[in-house]
Amino acid sequence: MRAMVASLKHRSSYFWYQLRRSPMTMIGLGIIIFMCLSALLAPVLAPYNPDVINLRARLQAPSMAHFFGTDEVGRDIFSRVLYGGQQSIGVGLFVAFVASFIGTIIGCFSGIFGKWVDTIIMRIMDVMLSIPSLVLTMALAAALGPSLFNAMLAITLVRIPYYVRLARGQTLGIREMVYVKAAQTFGASRRHIVQWHVIRNALPPIIVQTTLDIGNAILMAAALGFIGLGAQQPTAEWGAMVSAGRNFLIDQWWYSTFPGLAILITAIGFNLLGDGMRDMLDPKQKVK
Amino acid sequence: MSVFQIIFKRLVGLVFVVLGVSVITFIVSHLIPGDPARLIAGDRASEAMVDAIREKLGLNLPLYEQYWLYLKGLLQGDLGTSIRTGRPVLQDLLAFFPATMELALVSLMLAILMGVPLGVLSAVYKNKWIDQIARTISVMGISMPAFWLGLGLIIIFYGHLSWLPAGGRISQGLPVPPLVTGFYLVDSLLAGEMNTFYSALKHIVLPAITLSFVHLGVVSRQIRSSMLEQLSEDYIRTAKAYGLPKWQVILRHALPNALIPSVTVLGLALGDLLYGAVLTETVFSWPGMGLYVVNSIQALDFPAVMGFAVLVSFVYVLLNLLVDLLYLIIDPRIKEVG
């Protein structure tokens, strides 16, 4: 037990050491911290109430009074982008964590149990994976009815099969490892093997996938918001704001530009961090 | 395993996938909270009329019988009738298909033409500035909300510079070229109408850039990693030792081998482009399947949305199969390993 704690400690300090040496990953982490903080601190940072209409200040260009300008009913876009982060980043985190949690459990179970259970589960996942994710998400979100919560549910459901496949593949590999066989000869229960060996060793690639998926989910939620299946007006959500700005595209460029920029920067942050973590956790890369 | 056995196995798999997709779309379309019969009949219809429609659509039957009817229809190419347009969904989708395909193909060409050189350069000059730029572009690509990029391009190239149109396939007033392939770029050339061709070309530039940008990153990343793998192989060292010119080694020896694993990525990219067009078409009012589906979603026209899902999944799986077959042709080693 003590050896394991020491090894975990060693591994995590090695992780931080590598993280410091990879500037792109640090930039990614920095972006994420910055965007999350500004979303969380929106009530403190925002100069205006994001939902208060001020018809005397409609469609004003960016200025010192309104950093990102105002929309067609005079709401401050800077404040709305800050508050919108709570919605968009929240959706991203929810989708990635719930999908990876459920998917990993199903995948490990399927890999450990094997036989007909595995066959049935994997056939269902294959079918779900063969429908393009945007199309399936759209169909589900449309059927559930347009709202941010339903969009979130739809994206989560569609992401689960990716984790099932990943976790199952990992499980099948780990199940054949000598140390698992050794544990089995000592009479370890199936539950013990899953908890102590499979999940712990299958986790790194799943963590990488989860990180990358936060960015994906934010983009997907914004896309659904854009075609009218996600957050509804007047909710301050980035995709819906870009969509609302379409009607004022040519003369009021700031309306669509700033919320979209927020989506792009946040997604870049999670993608950089995910890529960097993959390089660190992938043993093949170390040899090269 | 022989090639035919592989093909047969995949075709059987295809049938199961299509069956599975039909079950999923059937379940999803029955999740709808409202009553489809009432939706079709309209608000002012009498109860008797709604009942008649329900009867006609088989909505009063038990679920398994409804599914059986749905499946029987699917097998005969019947994707249902659109509530919004009143026409068969398949007929609607096929009418819009060429526009989407044209956009997807042009985008794929753009992504390959720019992504392959970018990937090769960033592998050859690994960790140099050109590699950093290529990697930055690819991270931007996968993080970019495509609809937002499209809007930005419209602001710049239509709003400020007035160089390019903001939407549609050709300028209003120009005659639509006689239908041969359904691709305006090809049809106008075949008809010898240079004005129409020029207009179609101008209209496709911005949507194609928007749609290809995401895949530019995917392609260059794939080429980079498979080029790096090839460049470290022994035969490359041998070729270099013989004193062959650097770029001959890279382009004639390494690149063809690096392209083989990339075929899968490129094939799947075409599938992604087809449904990725949903957002791009909406931004640019490009009259393809994507725009049709978004309009259908907003009108709660579920048969159209589900029909789109079935058709696109079918094309997607078929593309997968074609890519695998292509793989067998270009890489003879696979047959032996099989």
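Nothing here was measured: the structure is a model prediction, and the numbers come from that model.

1. Digging into the overall build of chain B
A count of helical and extended segments in chain B gives 14 helices and zero strands. Secondary structure elements of chain B occur, N-terminal to C-terminal, as α-α-α-α-α-α-α-α-α-α-α-α-α-α. For chain B, the spread of C-alpha atoms along the principal axes amounts to about 85 × 60 × 40 Å. Split into buried and exposed, the 338 residues of chain B put 40% on the buried side. Taking the contacts inside chain B whose residues are at least 6 apart along the sequence as the reference set, 71% of them involve residues at least 24 apart.

2. Re the overall build of chain A
What chain A contains, in helices and strands, is 12 helices and zero strands. Walking chain A from its N terminus toward its C terminus, one meets helices and strands in the order α-α-α-α-α-α-α-α-α-α-α-α. Principal axes of the C-alpha set define a box for chain A whose edges measure 80 × 45 × 30 Å. The 288 residues of chain A split such that 46% are buried. A separation of at least 24 residues holds for 70% of the contacts in chain A among residues at least 6 apart in sequence.

3. Here's the deal with helix α2 (residues 23-40) of chain A
Residue and element names in this part refer to chain A. Between its first and last C-alpha, α2 extends 25 Å over 18 residues, near the 26 Å set by a 1.5 Å rise per residue. Turning to α2, its buried residues are T25, G28, I32, M35 and A39. Along the axis of α2, the buried residues cluster in a sector spanning 95 degrees; they form a single face. Those residues of α2 that are exposed and angled more than 90 degrees off the buried face are P23, I33 and L37.

4. Observations regarding the interface of chain B and chain A
In this assembly, 40 residues from chain B lie in contact with 37 residues from chain A. Broken down by secondary-structure element, the contributors of at least two residues to the side of chain B that touches chain A are α1 (3-29), α6 (129-143), α7 (146-160), α11 (246-284), α12 (289-298) and α13 (302-330) of chain B. With eight residues, α13 of chain B is the single largest residue contributor to the side of chain B that touches chain A. When the residues that make up the side of chain B that touches chain A are grouped by side-chain class, the tally is 29 nonpolar, 11 polar and no charged.

5. So, the nonpolar core
If you look at the biggest cluster of nonpolar residues, it comprises 163 residues, and the most contacted ones within it are V135, A139, I218 and A221 of chain A together with V305, F308 and A309 of chain B. Excluding its chain neighbours within four sequence positions, the residues that come into contact with V305 of chain B are A139 and A142 of chain A together with V293, S296 and I297 of chain B.

6. Quick notes on the packing of helix α5 (residues 89-124) of chain B against helix α9 (residues 194-231) of chain B
Residue and element names in this part refer to chain B. Two numbers describe how α5 lies on α9: the axes approach to 5 Å, and their chain directions differ by 35 degrees. Two packed elements cross with a definite hand, and for α5 against α9 that hand is right-handed. When its residues are assigned to classes, the contact of α5 with α9 shows 21 nonpolar, eight polar and two charged.

7. Remarks on the environment of I106 of chain A
Residue and element names in this part refer to chain A. Mapped onto the elements of the fold, I106 is located in helix α4 (residues 77-113). By C-beta crowding, I106 is classed as partly exposed, having 19 other C-beta atoms within 10 Å. Along the chain, I106 and L157 lie 51 residues apart, while their C-alpha atoms are 13 Å from each other. The residues contacting I106, other than those within four sequence positions of it, are I121 and V164.

8. Side note on helix α6 (residues 133-144) of chain A
Its 12 residues give α6 of chain A an end-to-end C-alpha distance of 16 Å, which sits within 8% of 16 Å, the value for a rise of 1.5 Å per residue. Just downstream of α6 of chain A lies G145 of chain A, where phi reads positive at about 105 degrees.

9. Let's talk about the packing of helix α11 (residues 254-281) of chain A against α6 of chain B
Close contact between α11 of chain A and α6 of chain B brings their axes to 8 Å; oriented N to C, the two are set at 120 degrees. By the angle between their directions, the pair α11 of chain A and α6 of chain B is classed as oblique. Considering only the axes of α11 of chain A and α6 of chain B, their crossing is right-handed. Every residue of α6 of chain B that contacts α11 of chain A at L264, A267, I268, N271 and L272 of chain A is listed here: V139, M140, I142 and S143 of chain B. Residue composition of the contact of α11 of chain A with α6 of chain B, by class: seven nonpolar, two polar and no charged.

10. Notes on unusual backbone geometry
Residue and element names in this part refer to chain B. The phi dihedral of S162 is positive, around 55 degrees, even though this residue is not glycine. Here S162 shows up in the loop between α7 and α8 (184-190). The exposure class assigned to S162 is exposed, which follows from the 9 C-beta atoms found within 10 Å.

Conventions used here
- Residues numbered from 1 in each chain as written.
- Chains lettered and ligands numbered in written order.
- Predicted model: local features only at pLDDT ≥ 70, side-chain atom pairs only at ≥ 80, totals over all residues.
- Helix = DSSP H or I, 4+ residues; strand = E, 2+ residues; numbered from the N terminus.
- Buried ≥ 20, exposed ≤ 12 C-beta atoms within 10 Å, placed from the backbone.
- Contact = placed C-beta atoms within 7 Å.
- Expected span 1.5 Å × (residues − 1).
- Arc of directions from axis to C-beta.
- Nonpolar A, V, L, I, M, F, W, Y, C, P; charged D, E, K, R; others polar.
- Core = buried A, V, L, I, M, F, W, Y, C linked by C-beta atoms within 7 Å.
- Axes fitted to C-alpha atoms, helices over the stretch in contact; angles between N-to-C directions.
- Left-handed = near helix turned anticlockwise from the far one by under 90°.
- Parallel < 35°, antiparallel > 145°, perpendicular 65-115°, else oblique.

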